[in-house]
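Coordinates in review
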Amino acid sequence: MENILLYIILFAPLVSAALSYFLTKKWAGETLVGFSLLVLLAAIMAWFKQPVSSGFELDWILAGNQNFSIGLYYDQLAGIMTIVVAIVALLVAIFSMEYMKHDGGQPRYFAMLGLFAFSMYGIVLASNLLLTFVFWELVGFSSYLLIGFWFEKDAPPISSFKAFLMNKVGDIGFLLGIFILYAFFKTLNIQELIGLDPVNAAIPNGLLIALGIGLFLAAVGKSAQFPLQTWLPDAMTGPTPVSALIHAATMVAAGVYLMVRVFPMLAPEVLTVIGIVGGITAFMGAFAAFAQNDIKKILAFSTVSQLGYMIMAVGAGFPVAAFIHLTTHAFFKAGLFLCSGSIIHYYHETNHTAGFDPQDIRNMGGLKKLLPFTFMAFTLCMLSLAGLPLFSGFLSKEMILNGLVSADHLPSFVLVFGFASVFMTAAYMARLYFKVFFNQQVAGEKYAEAVSVKVPLLTLSSLSIGFVFSMNPLSPDDSWLLSVLTSYKGIGIADHFVWVPILSIGLALSGLIFSYLYIERKMLSGLVSGVKSLTYNLSNRNFYLDDIYDVAFVSGSKTLAKAAYWWDQKVVDRVVNLMGKTQVVLAYLIGWFDRRIVDGGVRLVTWLVNFAGNRTRQVQGGNLQNYLAWAVFGVLLIFYFFELMT
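Residues numbered from 1 in each chain as written. Predicted model: local features only at pLDDT ≥ 70, side-chain atom pairs only at ≥ 80, totals over all residues. Heavy atoms only, no water.

What the protein contains, in helices and strands, is 24 helices and 2 strands. For the protein, whose C-alpha radius of gyration is 37 Å, the value lies well above the compact-globule estimate of 26 Å for 646 residues. Going through the 646 residues of the protein one by one, you find that 52% of them count as buried. For the protein, the exposed area adds up to about 28500 Å²; of that, 69% sits on carbon and sulfur atoms. Positive and negative side-chain charges in the protein, numbering 37 and 35 respectively, have mean positions lying 11 Å apart. (Helix = DSSP H or I, 4+ residues; strand = E, 2+ residues; numbered from the N terminus. Rg over C-alpha atoms; globule rule 2.2 N^0.38 Å. Buried < 20%, exposed > 50% of the residue type's maximum accessible area, 1.4 Å probe, protein only. Areas by Shrake-Rupley, 256 points an atom, 1.4 Å probe, with all protein chains shown as cover. Lys, Arg positive; Asp, Glu negative; His and termini not counted. Charge placed at Lys NZ, Arg CZ, Asp CG, Glu CD.)

And the structure:
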């Protein structure tokens, strides 16, 4: 079959999910690893053998003269994305075998990972927006299950519901965009829509803007952009490998991937909005990461900030820069999450003190000696995230920053937020780095890091090095990703400004040095204390967004729910009860009337008939003399009657 590789990529994870849950429960992890390896091999083979711009479509829904189809489409974007997802999914599956080895719910866990991978590959390979939306919802459902995996605890169910609900807000926008596109173009095939060029088509400008905002709102929900970004830090209640897969490389990247796919359909006004929202998100995420003490929440806010960079690149008009940063970020951020998982797993295995929080960085220190492999991998991934030369993060971030400088249509504060976030990213990651691996050593046991932990960390940290993406790791324009994406519409490469990398590197180094002096050398305490007194709560509470939502939406919803409950209890139930009691009384009265009047009347008639029968029975005695006497008496009565009449 021509598209057999696409079928394998899409359906192999679903098969592994079914096998893991129903048949191979004892070997659920091995099953997922095996099928994940199969998908990776198929994705690599597809890169070399699958024709570009190939795929198929099948009729799905026929309603009158309307035809909705489903299909798969493969091009450079889909090829790179499937390989990225396959690599991370395989490494997460391997890591999970060690991380989840004591958990009794392994079959359910590995089945959910398979279901999620199936959903994600569906988004990547879908040829039209209708099928994309179907898999979009399935990704949301899968993430809901994984975030709430430990549902017996208090926090995970709440976090999973919050993520699910806030993504539904974005999904409304997705549907709006789909409705507008189909109403005007009678097709949802992405390539056909791009060919029809909606931006220059005869579509009212207001609807064109609504179309773009609707599609962007989908990305706002899925990729945790302002103002819907609060679900992502709370989603850290799930297993840490889930965070590496969903909240670094796949689900949250789906919104960016969608924006890159539909970029030719976005009006200039929409791009401006996208750039502004991305800049705000990048700044807010980086700022909020400073005052967090949960290692996973720090990385979660970092993800929010980096997703803001990607969205900024789309808004600036350089979607390929966004996609390249999506690719590099997937590896170094998945590596950081798995490093945090290694640290948390170490404490789970060695520290059984009641009330000990293995995710609080204030309980950590000196782990570079206890977890040397994790320390090495974390160092490489952290430097890549900070955007230092020779690392992959430097290449993609410089492309974005150059794009922001070139984007005349964006307000200047977006560029300021972009550069400010460079400094903050390096600073908060250095704070985390020095607190966890250096600082005052916390007593701990020697621990041998498992091979299933080392292999993923080694792979992801290696993929964080700049040479993987460019033979010249100091030049973003020499990246091989650019050459394979040249046929993509909207390739737009920004002009290279010499001062941009100089300023960026200077800001990143300043952030690293600042945190080193404060955390490791115990300097700058006065300066930091003064700043903390003004900004700590704002950072720790993420600009009070959850508090604002609580007042604006949650409290109002609770009040409305309480009012509805009172109305139901005091009014509706009482009316129902009154009607019930009235019916009981009425039924009693009807019963009494039936028994006393209706039945009494029937019994009276019966008695009268019986009484008359008893009396007339005496006349019919069988005596002929009596019969003759009564006959004569009757004749006399008749004669008397006629006499009276005359």
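As judged from the 9 bridges shared by strand S1 (residues 54–63) and strand S2 (residues 66–74), these two strands associate in the antiparallel manner. For Gly 55, the partnering residue across the bridge sits in S2 and is Tyr 73. Following S1, the chain reverses through 2 residues before pairing antiparallel with S2; Gly 64 in that reversal takes a positive phi of roughly 65°. (Pairing = 2+ DSSP bridges.)

Looking now at the nonpolar core. One finds Leu 129, Met 259 and Leu 367 to be the most contacted residues of the largest nonpolar core, which totals 203 residues. Leaving out residues up to four positions away in the same chain, Leu 367 has contacts with Ile 343, Tyr 346, Tyr 347, Pro 372, Val 436 and Phe 437. (Core = buried A, V, L, I, M, F, W, Y, C linked by side-chain atoms within 4.5 Å. Contact = heavy atoms within 4.5 Å.)

What follows covers the pattern of salt bridges. Enumeration according to the criterion identifies 9 salt bridges in this entry. Residue Arg 362 pairs with Asp 360 through a salt bridge whose shortest N-O separation is 2.8 Å. Shared partners join several salt bridges into a network, and the residues in it are Lys 162, Asp 234, Lys 297 and Asp 546. (Salt bridge = Lys/Arg side-chain N within 4 Å of Asp/Glu carboxyl O.)

Right, let's talk about unusual backbone geometry for a bit. A negative phi holds for most residues other than glycine; trans holds for most peptide bonds. In this structure, Pro 227 follows Phe 226 across a cis peptide bond, with omega equal to 10°. Tracing the backbone shows Pro 227 in the loop between helix H8 (205–222) and helix H9 (231–234). With a phi angle near 55°, Lys 186 is a residue other than glycine that sits in the positive phi range. Tracing the chain through its elements places Lys 186 in the loop between helix H6 (155–185) and helix H7 (190–196). Classification of Lys 186 by relative accessible area gives exposed; the value is 52%. Phi angles above zero are rare outside glycine, and Ala 224 is one such case at about 55°. Inspection of the secondary structure puts Ala 224 in the loop between H8 and H9.

Before going further, it helps to examine the side chain of Lys 397. When you line up the elements, Lys 397 lands in helix H17 (residues 392–406). Among buried Asp, Glu, Lys and Arg side chains, Lys 397 stands out as unpaired, with Glu 398 the closest opposite charge at 7.4 Å. Not counting residues up to four positions away in its chain, the partners in contact with Lys 397 are Gln 306, Tyr 309, His 325, Leu 385, Ala 386, Gly 387, Val 422 and Thr 425.

This paragraph deals with the side chain of Ser 54. Structurally, Ser 54 can be placed in strand S1. Of note is the side chain of Ser 54, whose polar atom sits 2.5 Å from the backbone oxygen of Pro 51. If sequence neighbours within four positions are ignored, Ser 54 has contacts with Leu 72, Tyr 73 and Tyr 74. (Polar contact = N/O pair within 3.5 Å; in protein donor to acceptor, adjacent residues only side chain to side chain.)

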